[in-house]
Amino acid sequence: QVQVVESGGGLVQPGGSLRLSCAVSGNMFSTYHMAWYRQAPGKRRELVARITSGGNTDYLDSVKGRFTISRDNAKNTAYLQMNSLKPEDTAVYYCNRAAGSNNWWRWGQGTQVSVSS
């Protein structure tokens, strides 16, 4: 029964930056592959970025070169650095295991990212 708490969202202008944090409970964090997901109004939740326990990463094509996923195992935390933000990045951002639907933890409340002038 792992809990996740997302934070760091906010309102920024196009071209701005945010860093999201995902704090994960328990003592097995270093073994988990982690991911960030987002859900815009009227849209299905989509995978944005993932990082394996060994540090390998991959990204949604539309965020490549702008977003960076990372992790700090000593802090039980995953991060998403978001640069050059665009209005279409507006969504609620969630973290969870980088896994199929059968293996996700219970979803947290997410953190709102709004990109607007």
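None of these values were measured; they are calculated from a predicted model.

Definitions and cut-offs
Residues numbered from 1 in each chain as written. Predicted model: local features only at pLDDT ≥ 70, side-chain atom pairs only at ≥ 80, totals over all residues. Heavy atoms only, no water. Helix = DSSP H or I, 4+ residues; strand = E, 2+ residues; numbered from the N terminus. Buried < 20%, exposed > 50% of the residue type's maximum accessible area, 1.4 Å probe, protein only. Salt bridge = Lys/Arg side-chain N within 4 Å of Asp/Glu carboxyl O. Pairing = 2+ DSSP bridges. Axes fitted to C-alpha atoms, helices over the stretch in contact; angles between N-to-C directions. 1 Å grid on protein atoms, 1.4 Å probe; cavity = no way out; pocket = protein on both sides within 12 Å on 5 of 7 lines; lining within 4 Å. Points joined across faces, edges and corners; volume = space filled by probe spheres on them. Disulfide = S-S within 2.5 Å.

A. Summary view of unusual backbone geometry. Its identity as a non-glycine residue notwithstanding, Asn-76 has a phi of 50°, on the positive side. Positionally, Asn-76 belongs in the loop between strand 7 (67-72) and strand 8 (77-82). Phi is positive for Ser-84, close to 50°, though the residue is something other than glycine. Its place among the elements puts Ser-84 in the loop between strand 8 and strand 9 (91-97). Owing to a relative accessible area of 40%, Ser-84 belongs among the partly exposed residues under this scheme.

B. Expanded view of the pattern of salt bridges. For the structure on display, the rule yields five salt bridges. With a shortest N-O distance of 2.9 Å, Glu-46 and Arg-38 are connected by a salt bridge. Looking at Glu-46, the relative accessible area reads 31%, which means it is partly exposed. The residue Asp-89 makes a salt bridge to Arg-38 at a minimum N-O spacing of 3.0 Å. Residue Asp-89 is located in the loop between strand 8 and strand 9, and its partner Arg-38 is located in strand 4 (residues 34-39); the two are separated by 51 residues in the primary sequence. Residue classification places Asp-89 among the buried positions, given a relative accessible area of 1%. On the basis of relative accessibility, which here comes to 6%, the residue Arg-38 falls in the buried class.

C. Spatial organisation of the sheet that holds strand 7. With respect to topology, four strands assemble into an open sheet ordered 1-3-8-7, the strand pairing being antiparallel. Strand pairing shows two members of the sheet lacking a second neighbour, strand 1 (4-7) and strand 7, which therefore form its edges. Across this sheet, the average inter-strand angle for adjacent strands is 15°, counted without regard to direction.

D. Quick peek at the pairing of strand 7. Going residue by residue along strand 7, you find Phe-67, Ile-69 and Arg-71 tucked away on one face and Thr-68, Ser-70 and Asp-72 left uncovered on the opposite face. Of the strand pairs in this sheet, strand 7 and strand 8 are connected by six bridges, and their pairing is antiparallel. Across the sheet, the residue bridging to Thr-68 is Gln-81, located in strand 8.

E. Spatial organisation of the layout of surface pockets. Counted as a void, the largest pocket has a volume near 160 Å³. Lining the largest pocket we find Gln-1, Val-2, Gln-3, Val-4, Val-5, Glu-6, Trp-105, Arg-106, Trp-107, Gly-108 and Gln-109.

F. Quick peek at the state of the cysteines. Applying the stated criterion across every chain, the model contains one disulfide. With a sulfur-sulfur separation of 1.7 Å, Cys-22 is cross-linked through a disulfide to Cys-95. In this structure the cystine formed by Cys-22 and Cys-95 twists about its S-S bond by roughly 70°; its chirality is therefore right-handed. Taken together, the residues Cys-22 in strand 3 (residues 18-24) and Cys-95 in strand 9 connect sequence positions 73 residues apart. The two residues Cys-22 and Cys-95 agree in class, both being buried.

These values are about where atoms sit, not about what they do.
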